[in-house]
Every structure is written in C-alpha cells, then in structure tokens.
Amino acid sequence: MPYAIAIDGPAGAGKSTIARALAKELQFIYVDTGALYRTVGLYILRSHIALTDAEAITAGLPGLRVTLGYAGGEQRVFLNGEDVSDSIRTPEVSMAASAVSAIPAVRAFLLQTQRDMAAAHSVVMDGRDIGTTILPQAQVKIFLTASAEARAQRRFTELQEKGADTTYEAVLQDMEKRDYDDTHRAISPLQQAPDAVLVDTSHDTLAQAIERVRQTVAARLPRSGQEA
Ligand code: DC
C-alpha cells in the first residue's frame, strides 16, 4: 500500500523545499498541490474573469484540464496540455490562486487529481488541507509553520534572486493577506489536523528544518525508521 506524508502550512514556511528533499530521500513522489490552484488562478487571469466572480469561475471550469507530469524527478503542471510550471510562479498568480482556492467548486475540481496521485504512488504531498481533507488517512502529518516575518524574508530573498522588482514590505503584506484569506475561508481553511505534528521553522536554517522534519517522519514511518 502506498505511504502518504502530508505537509500543510502557510506560504513560505519551507514546505515545498522540505517536501521535495524528503521525497527524494524516501524515493516517494513529491506533489505540490499549490501548483494546481495556481494553474486554476492563471487560467482565470487569462480568461479575464474577475477573481471575485465565483459564479463565472465555476462556469469556466469545464473548459479547463489540469494535469501533473514528472520530468527528471521534478513535477510539471499542465493547463490544457501547456506546461505552465514556470508561468505560475508570479505574485499575481499567487494572489489569484488564493482567491480561487476559496471557491468550493474549485476545491472539488482538484480533489480527485490529488487523491489519484496518492492512490497510485507513495507521496509527500504539500498544501493547506492535505492532512485534514485530501488525505486524512496519511501515515504522517506535519504542520509546518514560521513567523510571518521569517516567511516574508525567505520569500523576498527568493524573489530577489529571480530578479523580481519588489520590497520586503510588499512581500510581507501579500503574505499576511494570503494567510488571513487561507485561514478564514469557509471551506477547507488552513488548519492543523489534530493528529499533525507542529514544526515551527522560524529560527531554523533550511538544513536544520529539513533535519527536524526528517526525524519527525523517521519516528512515525516504519520504513524510513528502518532505513535511517
Ligand atoms: O503553496 P502555494 O503558495 O503555491 O499555494 C497557492 C495558493 O493556493 C495558496 O494561497 C492557497 C491555495 N492552496 C490551497 O488552498 N490548498 C492547497 N492544498 C494548496 C494551495
């Protein structure tokens, strides 16, 4: 039976970097579910539908096919067959993803894709509601968090390295708005599953955070415990 490790938490806590490293070590598939919501967000932006118009967004979903593929061990996401893995990494698409993720029809639309991945492979899946809604049976659940300031600083450095024209204050403001929206939406809000282990990485280097998560997993996953 496939294993599932669910990693949930707010934006910028280090989920994707840590989940990717863990998946590589365990030889599991890494599933970045944020990429699915980002792809819906990009599609809505391109369709010139208002992000506040839940009805029009819902009506647009039948024209959209979101699929995942893997190239060299890296996840790629496709919008009606087009590889949009790079175009979805902009602040504009981040905000659009957060907006569409509050719409029940969008969450329902992406639910099966996520469950299918976990049914077919052992996965490390990261997102906001993996441990609570998508894979409540996951063998290991981690709620990864850090202070908003620490997360904004990391995201700001990342954007700067990519040459993006932004400020720390703007990134922090976006982060706080997304945190608020993600934790206050009516459906599947970001929250720690009762059986999830809380890992706060505010004062960790990336290497320390990875090691902490690795130990948490090793203590709970029989297979990785034997290998460790
Ligand atoms: O993890 P990310 O920043 O790529 O996610 C983009 C947005 O998608 C985020 O603001 C909330 C939403 N999201 C979600 O609602 N549920 C998930 N499982 C993953 C992401």
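A brief look at the structure comes next.

## Describing the pairing of strand E7 (residues 140-145)
For E7, a buried count of six out of six residues is recorded, marking the element as mostly surrounded by other parts of the structure. As defined by bridge partners, strand E1 (residues 4-8) adjoins E7 across four bridges and the pair is classed as parallel. Counted as the bridge partner of aspartate 8 is phenylalanine 143 from E7. Looking at chain direction, E7 and strand E8 (residues 197-200) are connected through four bridges and run parallel. Within E8, the position partnered with leucine 144 by the bridge is valine 199.

## Focus: the packing of helix H4 (residues 91-100) against helix H8 (residues 168-184)
The geometry of H4 relative to H8 is characterised by a closest axis approach of 10 Å and an angle of 15 degrees between their N-to-C directions. For the element pair H4 / H8, the angle class is roughly parallel. Judged by the sense of rotation from one axis to the other, the crossing of H4 with H8 is left-handed. The segment H4 lies against H8, with Pro91, Ser94, Met95 and Ser98 engaging Asp174, Lys177, Arg178, Asp181 and Asp182. When grouped by side-chain class, the residues that make up the contact of H4 with H8 number two nonpolar, two polar and five charged.

## So, the pattern of salt bridges
Scanning the entire structure with this criterion turns up 15 salt bridges. Taking the shortest distance from any N to any O, the salt bridge between aspartate 129 and arginine 107 comes out at 3.0 Å. Of this pair, aspartate 129 sits in the loop between strand E6 (123-127) and helix H6 (130-134) while arginine 107 sits in helix H5 (residues 104-120), and the two are 22 residues apart along the sequence. Each member of the salt-bridge network shares a partner with another, and the members are Glu25, Glu211 and Arg214.

## With respect to the nonpolar core
Val40, Val77, Val106, Met125 and Leu135 are the most contacted members of the largest nonpolar core, which has 33 residues in total. Mapped by element, the contributors of at least two residues to this core are E1, helix H2 (34-46), strand E3 (66-71), strand E4 (74-79), H4, H5, E6 and H6. Top element by residues in this core is H2. It accounts for seven residues. Apart from the residues within four sequence positions on either side, valine 40 is in contact with Leu61, Leu64, Val66, Val100, Val106 and Leu110. Ala13, Leu22, Ala23 and Ala209 belong to the second largest nonpolar core, which has 20 residues in total.

## Here we look at the site of the ligand
Residues in close proximity to the ligand total 14 residues, the closest being Thr33, Arg38, Arg107, Arg128 and Arg178. Contacts to the ligand include arginine 107, whose side-chain N or O atom sits 2.8 Å from an oxygen atom. Arginine 178 is positioned with one of its side-chain polar atoms (N or O) 3.0 Å from an oxygen atom of the ligand. Within the complex, the protein chains bury 96% of what would otherwise be the 450 Å² of accessible surface of the ligand. When residues of the shell around the ligand are assigned to their parent elements, the largest contribution, three residues, is made by H2. Split into classes, the residues belonging to the shell around the ligand amount to two nonpolar, five polar and seven charged.

## Some thoughts on the packing of aromatic side chains
By convention here, two paired aromatic rings are described through the distance between centres and the angle between planes. By the definition in use, this model includes two aromatic pairs. When the centroid spacing of 6.2 Å and the interplanar angle of 10 degrees are considered together, the rings of tyrosine 3 and phenylalanine 28 count as stacked. In this pair, tyrosine 3 sits in the segment before E1 while phenylalanine 28 sits in the loop between helix H1 (15-26) and strand E2 (29-32), placing the two residues 25 residues apart along the sequence. The class of phenylalanine 28 is buried, set by a relative accessible area of 9%. Ring plane angle 75 degrees and centroid distance 6.5 Å describe the contact between phenylalanine 156 and tyrosine 168, whose orientation is recorded as edge-to-face. Of the two residues, phenylalanine 156 sits in helix H7 (residues 148-161) while tyrosine 168 sits in helix H8, which places them 12 residues apart along the sequence. For the residue pair phenylalanine 156 and tyrosine 168, the accessibility class agrees, reading buried in each case.

What counts and how
Residues numbered from 1 in each chain as written. Predicted model: local features only at pLDDT ≥ 70, side-chain atom pairs only at ≥ 80, totals over all residues. Heavy atoms only, no water. Buried < 20%, exposed > 50% of the residue type's maximum accessible area, 1.4 Å probe, protein only. Helix = DSSP H or I, 4+ residues; strand = E, 2+ residues; numbered from the N terminus. Pairing = 2+ DSSP bridges. Axes fitted to C-alpha atoms, helices over the stretch in contact; angles between N-to-C directions. Parallel < 35°, antiparallel > 145°, perpendicular 65-115°, else oblique. Left-handed = near helix turned anticlockwise from the far one by under 90°. Contact = heavy atoms within 4.5 Å. Nonpolar A, V, L, I, M, F, W, Y, C, P; charged D, E, K, R; others polar. Salt bridge = Lys/Arg side-chain N within 4 Å of Asp/Glu carboxyl O. Core = buried A, V, L, I, M, F, W, Y, C linked by side-chain atoms within 4.5 Å. Near = heavy atom within 4 Å. Polar contact = N/O pair within 3.5 Å; in protein donor to acceptor, adjacent residues only side chain to side chain. Areas by Shrake-Rupley, 256 points an atom, 1.4 Å probe, with all protein chains shown as cover. Phe/Tyr/Trp six-rings, centres within 6.5 Å; stacked < 30°, edge-to-face > 60°.

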